[in-house]
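Topology and contacts: notes
Residue-level listing of the chains:
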There are 2 protein chains.
Amino acid sequence: MEYHLSPAEENYLKAIFHICFQEEKAATTNAIAAMVGASAASVSDMLKRLAANDWIHHKSHRGATLTEQGKKVATLLVRKHRLWEVFLVQVLHFSWDEVHYMAEQLEHVQSDELVERLDDFLGRPKFDPHGDPIPNARGKFAQRNQMPLSALKVGESGIIVGVMEQSTAFLRYLDKIGLGIGAQVDLKEIFEFDGSLQVELNGKNLLTISSKVGENLLAQKIK
Amino acid sequence: MEYHLSPAEENYLKAIFHICFQEEKAATTNAIAAMVGASAASVSDMLKRLAANDWIHHKSHRGATLTEQGKKVATLLVRKHRLWEVFLVQVLHFSWDEVHYMAEQLEHVQSDELVERLDDFLGRPKFDPHGDPIPNARGKFAQRNQMPLSALKVGESGIIVGVMEQSTAFLRYLDKIGLGIGAQVDLKEIFEFDGSLQVELNGKNLLTISSKVGENLLAQKIK
DNA sequence: AAATATTTTTAGGCTTGCCTAAAAATGGTT
DNA sequence: AACCATTTTTAGGCAAGCCTAAAAATATTT
């Protein structure tokens, strides 16, 4: 039952949240270290402190998971991060590859009222500029039946709704080839020798994308 | 020639900036301590560090003043603080007594591009919700010929353009009596025994305000 | 099951930013 | 000029958040 979390502590909770969500198991010390950019020793220290204040469950050598109150804080952080990203892109016209670092700072601004008013001002968006769902004020994430683009079969079509990978390099590449959220893709062919995909973009031009790109694009299948 | 200032260091620079501006002399250790809310010993420590990195001029027992680069940083902080206040009031509809704490956090978000785009989005405002001038991108403050309301003579009129004191209590009081930025006041009478002022507000109702209130309101005289 | 590799924790240390208490410097009085 | 009050600095300490190196625990290989 602590009240004031430092930005560093918040970042650890967020890291644990993302790791547990993706891996569907306790977050390991090394995984957390990689995500927050600290040494395993520092993480070990911090896990002890977070567990002592009941933000996480942690048994030595057994990884960490969030407690209920930890989950609440982490979800709010994700909410804040993604709302600020929407603000930066839609209101201040940044591009989707520029906003992460700023949102990373803005998410630590402490004011519940601010988040709600921002959400309101933005029209209560359900997804951020990368297509990631924004939890609502009660912490609920919107669901969507999506799949990696690479899971489509030849002849099927989908709408791009998100990206898995969010590196600047990848996002800039997508901008370059004109592939963004909302684009329609019709899968024309899968080349066997390297798994690259030929797709028709918005019913107009043909593109060839690597299998890695296909795996990092999220699509909603069109029946 | 340092690049990365911590929020704490930034707060000290801002404090020195405000003190030097108001007092028109070097900021004393105690004055800084009062402003940042730390002990004189802590301030003494910090002044040494800031001087070592050329953010301030500081000779033992002789107070501190900002160097050119220190002034630049402090002015940018003031700019960021006041722009965020405009954002919070005009865009998110907070009232002018609620925004200080949030702006205090938002001003430490590091991104030059963000400030400029925010300024742009807000229409390059020259004054914040309390009437304080917002330095432009080159650090220049708008000038205005203003005076405390209490400096007016009976029979003279002015437009309220700012407040000296920014406490929640004072701002709420002003809201209550309907006195805000832009209001026109005609000074009708000064009561001798306690210096309180009788003014006509926007040509409509009569108000009596204490001398202290009069001293904390900034007015632009109407000829 | 023992040996080896990997992961995690502990130990000890560093900087930042704060504190209190004591010492030193400054400024005003007489 | 000497005393006194005030201000400022120094000294020593503490917590947060990081580090490296070494030790301990766990997992994998043979």
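To be clear, the structure that these remarks concern was listed above.
What follows concerns the overall build of chain A. Check the secondary structure of chain A and you find eight helices and eight strands. For chain A, the spread of C-alpha atoms along the three principal axes comes to 55 × 40 × 30 Å. Here chain A, with 223 residues, has 33% of them falling under the buried criterion. Put simply, 55% of the contacts in chain A that link residues at least 6 apart link residues at least 24 apart.

This paragraph deals with the interface of chain B and chain A. At the interface, 13 residues of chain B touch 13 residues of chain A. The dominant element in the side of chain B that touches chain A, judged by the number of residues it contributes, is helix H6 (residues 112-121) of chain B, at four residues. Considered class by class, the residues forming the side of chain B that touches chain A number eight nonpolar, four polar and one charged.

Let us now look at the relation of the copies chain B and chain A. Mapping chain B onto chain A is achieved by rotating through 180° and translating by 0.0 Å along the same axis, at an RMSD of 0.0 Å. The symmetry that links the two subunits is that of a two-fold axis. In terms of proximity to the rotation axis, the leading residue of chain B is Leu-106 of chain B, whose C-alpha is 3.5 Å off the axis. When the interface residues of chain B are mapped onto chain A, 100% of them again lie at the interface, so the same face is used by both copies.

What follows concerns the packing of helix H2 (residues 29-36) of chain A against helix H3 (residues 40-52) of chain A. All names here are of chain A. Where H2 meets H3, the closest approach of the two axes is 9 Å, and the angle between their N-to-C directions is 105°. Relative to H3, the element H2 is oriented roughly perpendicular. Facing H2, whose interface residues are Thr-29, Asn-30, Ile-32 and Ala-33, H3 presents Ala-40, Val-43 and Ser-44. Here the residues of the contact of H2 with H3 sort into four nonpolar, three polar and no charged.

Okay, the protein's contact with DNA strand D next. Close to DNA strand D lie 21 residues, the nearest being Ser-6 and Ala-41 of chain A together with Thr-28, Asn-30 and Ala-41 of chain B. Elements with a minimum of two residues in the surface near DNA strand D: helix H1 (7-23) and H3 of chain A together with helix H2 (29-36) and helix H3 (40-52) of chain B. Sort the elements by how many residues they give to the surface near DNA strand D and H3 of chain B lands first, with five residues. A class-by-class count of the residues in the surface near DNA strand D yields seven nonpolar, eleven polar and three charged.

Take the pairing of strand E6 (residues 197-201) of chain A next. Residue and element names in this part refer to chain A. For strand E5 (residues 184-190) and E6, the ladder comprises five bridges, and the chain directions are antiparallel. In the strand pairing of E6, Val-185 is matched with Leu-201. Following E5, the chain reverses through six residues before pairing antiparallel with E6; Gly-195 in that reversal takes a positive phi of roughly 75°. The turn joining E6 and strand E7 (residues 205-209), which pair antiparallel and follow one another in sequence, is formed by three residues; a positive phi near 50° is taken by Asn-202.

With that settled, consider the nonpolar core. Ala-219 of chain A together with Ala-219 of chain B are the most contacted members of the largest nonpolar core, which has 64 residues in total. Among residues more than four places away in sequence, those in contact with Ala-219 of chain A are Gln-146, Met-147, Leu-149, Leu-152, Gly-158, Ile-159, Ile-160, Val-161 and Val-185 of chain A.

Once that is clear, we can look at the protein's contact with DNA strand C. The immediate surroundings of DNA strand C are formed by 21 residues, with Thr-28, Asn-30 and Ala-41 of chain A together with Ser-6 and Ala-41 of chain B found nearest. Listed by contribution, the elements that provide at least two residues to the surface near DNA strand C are H2 and H3 of chain A together with helix H1 (7-23) and H3 of chain B. Looking at the surface near DNA strand C residue by residue, the class counts come to seven nonpolar, eleven polar and three charged.

Rules and cut-offs
Residues numbered from 1 in each chain as written. Chains lettered and ligands numbered in written order. Predicted model: local features only at pLDDT ≥ 70, side-chain atom pairs only at ≥ 80, totals over all residues. Helix = DSSP H or I, 4+ residues; strand = E, 2+ residues; numbered from the N terminus. Buried ≥ 20, exposed ≤ 12 C-beta atoms within 10 Å, placed from the backbone. Contact = placed C-beta atoms within 7 Å. Nonpolar A, V, L, I, M, F, W, Y, C, P; charged D, E, K, R; others polar. Least-squares fit on C-alpha atoms with pLDDT ≥ 70 in both. Axes fitted to C-alpha atoms, helices over the stretch in contact; angles between N-to-C directions. Parallel < 35°, antiparallel > 145°, perpendicular 65-115°, else oblique. Near = placed C-beta within 6 Å. Pairing = 2+ DSSP bridges. Core = buried A, V, L, I, M, F, W, Y, C linked by C-beta atoms within 7 Å.

Remember, this is a structural readout, not a statement about activity or role.
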